[in-house]
Amino acid sequence: MKEKAKNASVLLIYTGGTIGMIENTQTGTLENFNFEQLQQYIPELRKLNFQIDSYQFDPPMDSSDMEPEIWKKLVTIIREHYDQYDGFVILHGTDTMAYTASALSFMLEGLNKPVILTGSQLPIGVLRTDGKENLMTSIEIAAAQDINGHPMVPEVCIFFENHLMRGNRTTKMNAENFNAFRSFNYPALAVAGIHIRFNPVHIHSYAETREVKAHLLLDTNIAVLKLFPGIQENVIVATLAIEGLKALVLETYGSGNAPRKPWFIRCLKEASERGIVVVNVTQCNAGTVEMERYETGYQLLQVGVVSGRDSTTESAVTKLMFLIGHGYSATEIRERMNQSIAGEISV
Ligand code: ASP
């Protein structure tokens, strides 16, 4: 099924993150170094039979400083170089990689080429680094084509520790181990062992006539609120009273359940009536919100809370930024949160 692309070209966009860091011998802290230095640590890059060009952020950034403005910059870089390259690899810090991957999946409508985000838990200069493997395989995947010369994976993905995952389905779930990311609610798109085994049935299909369209409109008037037993009315009231707030991602229990206290339900009802979109996402890593299942979820449905289904919080947040940014009404946003834009929810 698969065939390595001959003379494929890949644009490597280096934003920063642990993968490109080196230890300051005096302070012991990790500091950024540049792409040329990065290449010195991976001489194998030159052995790949692809044209690899690079675009470097200067200075490189820790992904904890990630902002929607940078997502716009990434989307613009990809759009401007779209016709020149077969695929794109983004080197990115792991901390917010799942947010960036989710945002890019919405912002790059009609994407027909691979955009693979990767990084590492250990800097590239460290002997046991996971960065080398992650980077080399990401480049191979970005260049991989089928027998018809079409890209194997024309979508935004994260590749980490041998697994290729749909970007908007991933979550960083381990700050220590090499398997930092998981896609709990969607199968891996490929697994890399001796061979890279793709799962075409789970991958967006390529369409000859599809035109990529870059969207740069995002609105950040969003809040995320995680429920916990004992949460007080003033916390909910203050959150929903934030000036300019347009949407709230509510992290609920289990299959979308929340306290039955009358003040809680009243607060959400009033917020919905004021046009604030409240999206119900479960605190569980795996599984889906089913508000019809228990009374504690059903009453949320009745006061206008919309189901986030099996969405990750990262995906719900960035999808809301995208939809609000495009000026949709609260009613339209509620409808679209229940539709898949880029495979981010199971419908
Ligand atoms: N703080 C780093 C970042 O996200 C962590 C990493 O790269 O793994 O940029």
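The text that follows walks through the structure, step by step, so that each part is easy to find. (Residues numbered from 1 in each chain as written. Predicted model: local features only at pLDDT ≥ 70, side-chain atom pairs only at ≥ 80, totals over all residues. Heavy atoms only, no water.)

Observations concerning the overall build of the protein chain
At step 1: Helix and strand content of the protein chain: 9 helices and 20 strands.
At step 2: For 347 residues, the compact-globule estimate of 2.2 N^0.38 gives 20 Å, and the C-alpha radius of gyration of the protein chain, at 21 Å, lies within 12% of that figure.
At step 3: The C-alpha extent of the protein chain, read off along each of the three principal axes, is 65 × 55 × 35 Å.
At step 4: Taking all contacts inside the protein chain whose residues are at least 6 apart in sequence as the whole, residues at least 24 apart take part in 73%.
At step 5: Accessible area for the protein chain stands at about 15,700 Å²; split by element, carbon and sulfur atoms hold 47% of it.
At step 6: In the protein chain, 30 side chains carry a positive charge and 39 a negative one; their mean positions are 5 Å apart. (Helix = DSSP H or I, 4+ residues; strand = E, 2+ residues; numbered from the N terminus. Rg over C-alpha atoms; globule rule 2.2 N^0.38 Å. Contact = heavy atoms within 4.5 Å. Areas by Shrake-Rupley, 256 points an atom, 1.4 Å probe, with all protein chains shown as cover. Lys, Arg positive; Asp, Glu negative; His and termini not counted. Charge placed at Lys NZ, Arg CZ, Asp CG, Glu CD.)

Section: the pairing of strand β17 (residues 222-226)
At step 1: Across 5 bridges, β17 lies against strand β18 (residues 247-252) in parallel orientation. By the bridge assignment, V224 is partnered in β18 with V249.
At step 2: Handedness of the crossover joining β17 and β18 through helix α5 (residues 233-240): right-handed. (Pairing = 2+ DSSP bridges. Right-handed = clockwise from strand over helix to strand, strands pointing away.)

Quick word on the side chain of S315
At step 1: Mapped onto the secondary structure, S315 falls in helix α8 (residues 313-325).
At step 2: Judged by relative accessible area, S315 falls into the buried class, the value being 0%. (Buried < 20%, exposed > 50% of the residue type's maximum accessible area, 1.4 Å probe, protein only.)

What to know about the packing of aromatic side chains
At step 1: Tallied over the full model, the rule gives 6 aromatic pairs.
At step 2: Ring plane angle 10° and centroid distance 6.4 Å describe the contact between Y82 and F88, whose orientation is recorded as stacked.
At step 3: Aromatic rings pair up to connect Y82, Y85 and F88 into one cluster.
At step 4: Across from the ring centre of F57, 4.1 Å away, lies the NZ or CZ of K73, which sits over that ring. (Phe/Tyr/Trp six-rings, centres within 6.5 Å; stacked < 30°, edge-to-face > 60°. Lys NZ or Arg CZ within 6 Å of the ring centre and 35° of its normal.)

Here we look at the side chain of S255
At step 1: Relative to the helices and strands, S255 resides in the loop between β18 and α6 (262-273).
At step 2: Assessed through its relative accessible area of 10%, S255 is described here as buried.
At step 3: With sequence-adjacent residues up to four places away left out, S255 is seen in contact with T288, V289, E290, M291, R293 and Y294.

Description of the site of the ligand
At step 1: For the ligand, the full set of nearby residues is G17, T18, D62, S63, G93, T94, D95 and S120.
At step 2: In this structure, an oxygen atom belonging to the ligand sits 2.8 Å away from a main-chain N or O atom of T18.
At step 3: Separating a nitrogen atom of the ligand from a side-chain N or O atom of D62 is a distance of 3.0 Å.
At step 4: Across the complex, the protein chains shield 89% of the 270 Å² of accessible surface that the ligand would expose by itself.
At step 5: In terms of residue class, the shell around the ligand is built from no nonpolar, 6 polar and 2 charged. (Near = heavy atom within 4 Å. Polar contact = N/O pair within 3.5 Å; in protein donor to acceptor, adjacent residues only side chain to side chain. Nonpolar A, V, L, I, M, F, W, Y, C, P; charged D, E, K, R; others polar.)

As for the pattern of salt bridges
At step 1: In this structure the tally under the stated criterion is 11 salt bridges.
At step 2: The closest approach of N and O atoms between D95 and K172, which form a salt bridge, is 2.8 Å. Of this pair, D95 sits in the loop between β6 (87-91) and α3 (97-107) while K172 sits in strand β12 (residues 171-172), placing them 77 residues apart in sequence.
At step 3: Close ionic contact of R260 with E295 constitutes a salt bridge, the shortest N to O distance being 3.5 Å. (Salt bridge = Lys/Arg side-chain N within 4 Å of Asp/Glu carboxyl O.)

Structural notes on the sheet that holds β17
At step 1: The sheet built from 4 strands is open, its strands ordered β17-β18-β19-β20 with parallel pairing. Here the strands that pair on one side only, and so sit at the sheet edges, are β17 and β20 (306-307).
At step 2: Running over the sheet, α8 touches β17, β18 and β19 (277-282) and is turned about 165° from β18.
At step 3: Sitting on the sheet, helix α9 (residues 330-337) is in contact with β19 and β20, with an inclination near 20° to β19. (Axes fitted to C-alpha atoms, helices over the stretch in contact; angles between N-to-C directions.)

Notes on the environment of H163
At step 1: Its location among the elements puts H163 in strand β11 (residues 163-166).
At step 2: Under the relative-accessibility criterion, H163 is labelled partly exposed at 34%.
At step 3: C-alpha of H163 to C-alpha of A188: the two residues are 25 residues apart in sequence and 6.4 Å apart in space.
At step 4: Discounting residues that sit within four places of it in the chain, H163 has contacts with I158, A188, A190 and V191.
At step 5: A distance of 3.1 Å separates a polar atom in the side chain of H163 from the backbone oxygen of E161.

Regarding the sheet that holds β11
At step 1: Pairing in this open sheet of 8 strands is mixed, and the strands run β5-β2-β6-β8-β10-β11-β14-β15 from one edge to the other. Looking at the sheet topology across the chains shown, the edges are occupied by β5 (51-56) and β15 (196-198). The sheet shows a mean angle of 20° between the axes of neighbouring strands, direction not considered.
At step 2: As paired elements, strand β14 (residues 190-192) and β15 share 3 bridges and run antiparallel to each other. From the neighbouring strand, A190 faces β15, where its bridge partner is F198.
At step 3: Across the sheet, helix α2 (residues 68-81) lies against β2 (9-14), β5, β6 and β8 (115-118), angled at about 160° from β2, the strand it touches most.

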